Number of protein chains: 2
Amino acid sequence: MRVVVPFAVESPKTRLSPVLADRERRSFARAMLADVLRAIVAAGYEPTVLATAPIDLEADFDLTVSDEVREATTIEVDDRSLTEAVNARLPAGEAGKDDGTTDDAVGVVMADLALTTADALERLFSGDADVAIAPGRGGGTNALAVRHPEFRVDYHGASYLDHREIAADSGLTVETVDSFRLATDIDEPDDLVEVLIHGTEHAPTRLRSFGFELEERDGRVTVARSAD
Amino acid sequence: MRVVVPFAVESPKTRLSPVLADRERRSFARAMLADVLRAIVAAGYEPTVLATAPIDLEADFDLTVSDEVREATTIEVDDRSLTEAVNARLPAGEAGKDDGTTDDAVGVVMADLALTTADALERLFSGDADVAIAPGRGGGTNALAVRHPEFRVDYHGASYLDHREIAADSGLTVETVDSFRLATDIDEPDDLVEVLIHGTEHAPTRLRSFGFELEERDGRVTVARSAD
């Protein structure tokens, strides 16, 4: 299985702007990407980052990944839309076998799935449906495993329902993967609490370095940022 | 495994009051409870509802459950706090075996897990750790399997982290169950979109009968309520 990770290099995570400055958002986005790559490598795959502009993961933001992750990861620059860039990497028709499936399976994992673990990815990648989908909150598609050359993505709008429909229209089998870790993309200030509770390495460390910590208020848990 | 489902009969789901009237909230809460009970029965267990006041599931709100669910379900009235009512049902010390574990395992499933399926519950109930926890968003504890008589719950605040600590303090093993369906308790208006996308039976039907439907706005999916 080839595994691709689309990554928006410029002005990422704009919905976090109420709580993180521009440079912090860029730093945090790379920390999340590093955690996603680490989980993919731990699951035994070699990820390709589809970056919208040239990046050096470890430059500029004082981020250090392990030798294993550095060596396993390839970065390709592709400034097309998310949908176009991903479709260009999905299984090719000519690689199809007699039964219509393909050995050239492709995993697509979003770069902001900061809670991702190798176990969660294994559940996504180890099935045998033509398409496996890990839905995100609000009907998004957070991660995919595509094993059939007829499937194409369309990330606009309610992509989870759209992707089910696209698969059904081609008579493909679909599996929905029930994972809280894969369902939790980190988009909004409320999501940061999940990073501090369930995050794996770089992302929670970076948030703490920015002064964020868990806080209990009215019996519920949220994040607070220290003043200094 | 005994499975208990705590249920607040009076004024449930107050955080849904911006979008649902009092009677609608009570109706919707029962629909979610019915879906949770159905999943528990489909997984092969006989649920006990811990109700804060006497209820008849099918009276008053035009809700019809299957014969199988009706016959498998027991309702016990317990007006103590959630923590006290659940602790009173956890495995008893005297039932412990030589290795400290107990055959008298207990599952605790919240009544607002409208996306629950038998598969998700099986993953929670089939492990062998002393305590298995399905965390909710924001550090809550949405579902538990307790297999050791020394464990006790405390639902106040960040209960997921507290429950891990309570288990660790007694030297118990803990498993975290990675399930989007079990992580999604339906508390707030934003959660209703998940019921319409991933709900199983009564809860999505009831929301649609109230006029709710999915709506795409600015490339994101939300719910809208028709005027009539």
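Preceding this paragraph is the structure being described.
Reading guide: rules and limits
Residues numbered from 1 in each chain as written. Chains lettered and ligands numbered in written order. Predicted model: local features only at pLDDT ≥ 70, side-chain atom pairs only at ≥ 80, totals over all residues. Heavy atoms only, no water. Contact = heavy atoms within 4.5 Å. Buried area = accessible area lost by both parts, 1.4 Å probe. Salt bridge = Lys/Arg side-chain N within 4 Å of Asp/Glu carboxyl O. Polar contact = N/O pair within 3.5 Å; in protein donor to acceptor, adjacent residues only side chain to side chain. Helix = DSSP H or I, 4+ residues; strand = E, 2+ residues; numbered from the N terminus. Nonpolar A, V, L, I, M, F, W, Y, C, P; charged D, E, K, R; others polar. Axes fitted to C-alpha atoms, helices over the stretch in contact; angles between N-to-C directions. Parallel < 35°, antiparallel > 145°, perpendicular 65-115°, else oblique. Pairing = 2+ DSSP bridges. Least-squares fit on C-alpha atoms with pLDDT ≥ 70 in both. Core = buried A, V, L, I, M, F, W, Y, C linked by side-chain atoms within 4.5 Å. Buried < 20%, exposed > 50% of the residue type's maximum accessible area, 1.4 Å probe, protein only. Right-handed = clockwise from strand over helix to strand, strands pointing away. Phe/Tyr/Trp six-rings, centres within 6.5 Å; stacked < 30°, edge-to-face > 60°.

Looking now at the interface of chain A and chain B. On the chain B side, the residues contacting the 29 residues of chain A number 29 residues. Counting the surface lost from both chain A and chain B, the interface buries some 2400 Å², and carbon and sulfur atoms represent 52% of this. On the chain A side of the contact with chain B, R137(A), D178(A) and F180(A) bury the most area, a combined 27% of that side's loss. Where chain A packs against chain B, one counts 4 salt bridges. A salt bridge links R137(B) to D191(A); the shortest N-O distance between them is 2.9 Å. On the surface where chain A and chain B come into contact, there are 12 residue pairs in polar contact (both at pLDDT 80 or more). At the level of secondary structure, the elements contributing two or more residues to the side of chain A that touches chain B comprise α4 (118-125), α5 (159-169), α6 (180-183), α7 (192-198), β8 (212-217) and β9 (220-225) of chain A. When residues in the side of chain A that touches chain B are grouped by element, the largest group, 4 residues, is from α7(A). Split into classes, the residues belonging to the side of chain A that touches chain B amount to 11 nonpolar, 8 polar and 10 charged.

Quick look at the packing of helix α1 (residues 22-42) of chain A against helix α8 (residues 202-209) of chain A now. All names here are of chain A. Relative orientation of the contacting elements α1 and α8 amounts to 155°, with a least axis distance of 7 Å. With respect to α8, the element α1 is oriented roughly antiparallel. Taken together, the residues of α8 that come into contact with α1 (itself represented by S27, F28, A31, M32, A34 and D35) are H202, A203, P204, R206 and L207. Looking at the contact of α1 with α8, its residues break down into 7 nonpolar, 2 polar and 2 charged.

Let us now look at the sheet that holds strand β7 (residues 174-176) of chain A. Strand pairs in the sheet, formed through backbone hydrogen bonds, run parallel or antiparallel to each other. Residue and element names in this part refer to chain A. Overall, mixed pairing links the 7 strands, which are arranged β3-β2-β1-β4-β6-β5-β7 in an open sheet. Strands at the two margins of the open sheet, each flanked by one partner only, are β3 (74-77) and β7. Averaged over neighbouring strand pairs, the angle between their axes works out to 20° when direction is ignored. Lying on the sheet, α1 is in contact with β1 (2-7), β2 (47-51) and β4 (106-109); it crosses β1 at an angle near 175°.

A separate point is the relation of the copies chain A and chain B. One copy of the chain maps onto the second through a rotation around an axis plus a translation along that axis. Aligned on chain B, chain A shows an RMSD of 0.0 Å; the corresponding rotation is 180° and the shift along the axis is 0.0 Å. Here the two chains are linked by the operation of a two-fold rotation axis.

Residues and elements named next belong to chain A. Of note, A129 is situated in the loop between α4 and β5 (131-135). Along the sequence, A129 and P204 sit 75 residues apart, while their C-alpha atoms lie 34 Å from each other. If we ignore the near neighbours within four places in the chain, the residues touching A129 are R147, T173, V174 and E175.

Ranked by internal contacts, the top residues of the largest apolar core, which has 74 residues, are L33(A), V108(A), L124(A), L144(A), F151(A) and F28(B). With 9 residues, the top contributor of residues to this core is α1(A). Not counting residues up to four positions away in its chain, the partners in contact with L33(A) are V5(A), F7(A), V49(A), I55(A), L57(A) and A111(A). One finds V195(A), L37(B), A72(B) and A143(B) within the second-largest nonpolar core, a separate group that totals 73 residues.

On to the sheet that holds strand β2 (residues 47-51) of chain B, then. All names here are of chain B. Read across the sheet, 7 strands follow the order β3-β2-β1-β4-β6-β5-β7 without closing on themselves; strand pairing throughout is mixed. Of all strands in the sheet, those with a lone pairing partner are β3 (74-77) and β7 (174-176), marking the two edges. For this sheet the average axis-to-axis angle between neighbouring strands, irrespective of direction, equals 20°. Two strands pair when backbone bridges link them, and strand β5 (residues 131-135) and β7 are joined in this way by 3 bridges, in the parallel orientation. Paired with I133 across the two strands is T176, which belongs to β7. With respect to the sheet, helix α4 (residues 118-125) is in contact with β1 (2-7), β4 (106-109), β5 and β6 (141-146), its orientation differing from that of β6 by roughly 50°.

It is worth spelling out the pattern of salt bridges at this point. Scanning the model with the defined rule gives 34 salt bridges over all chains in all. The salt bridge involving K13(A) is made with D112(A); its shortest N-O contact spans 2.7 Å. Pair noted here: K13(A) is in the loop between β1 and α1 and D112(A) is in the loop between β4 and α4, with a separation of 99 residues, a long-range link. On the accessibility criterion, K13(A) (17% relative accessible area) is buried. A salt bridge links R225(B) to E24(B); the nearest nitrogen and oxygen atoms lie 2.5 Å apart. Of the two residues, R225(B) sits in strand β9 (residues 220-225) while E24(B) sits in helix α1 (residues 22-42), which places them 201 residues apart along the sequence. By relative accessible area, which is 36% here, R225(B) ends up partly exposed. Looking at E24(B), the relative accessible area reads 19%, which means it is buried. Connected via shared salt-bridge partners are K13(A), R15(A), D112(A), D187(A) and E188(A).

Turning our eyes to something else, we now look at the pairing of β1(A). Residues and elements named next belong to chain A. The buried count for β1 comes to 5 of 6 residues, which makes it a mostly enclosed element. Strand direction decides the pairing type here: β1 and β2, joined by 5 bridges, are parallel. Bridging across to β2, V4 finds its partner in T48. At this point the chain moves from β1, through α1, to the parallel β2, and the crossover so formed is right-handed.

Residue and element names in this part refer to chain A. A complete count under the given rule lists 2 aromatic pairs over all chains for this structure. Judged by centre distance (5.0 Å) and plane angle (70°), the rings of Y45 and F125 are edge-to-face. Remark: F125 occurs in helix α4 and Y45 occurs in the loop between α1 and β2; sequence separation between them is 80 residues. Residues Y45 and F125 agree in their burial class; the two are buried.

Our focus in this paragraph is the side chain of H163(B). Residues and elements named next belong to chain B. Within the secondary structure, H163 sits in helix α5 (residues 159-169). Since its relative accessible area comes to 0%, H163 is described here as buried. Of note is the side chain of H163, whose polar atom sits 2.8 Å from the side chain of T141. Not counting chain neighbours up to four residues away, the residues in contact with H163 comprise I133, T141, F151, R152, V153, D154 and Y155.

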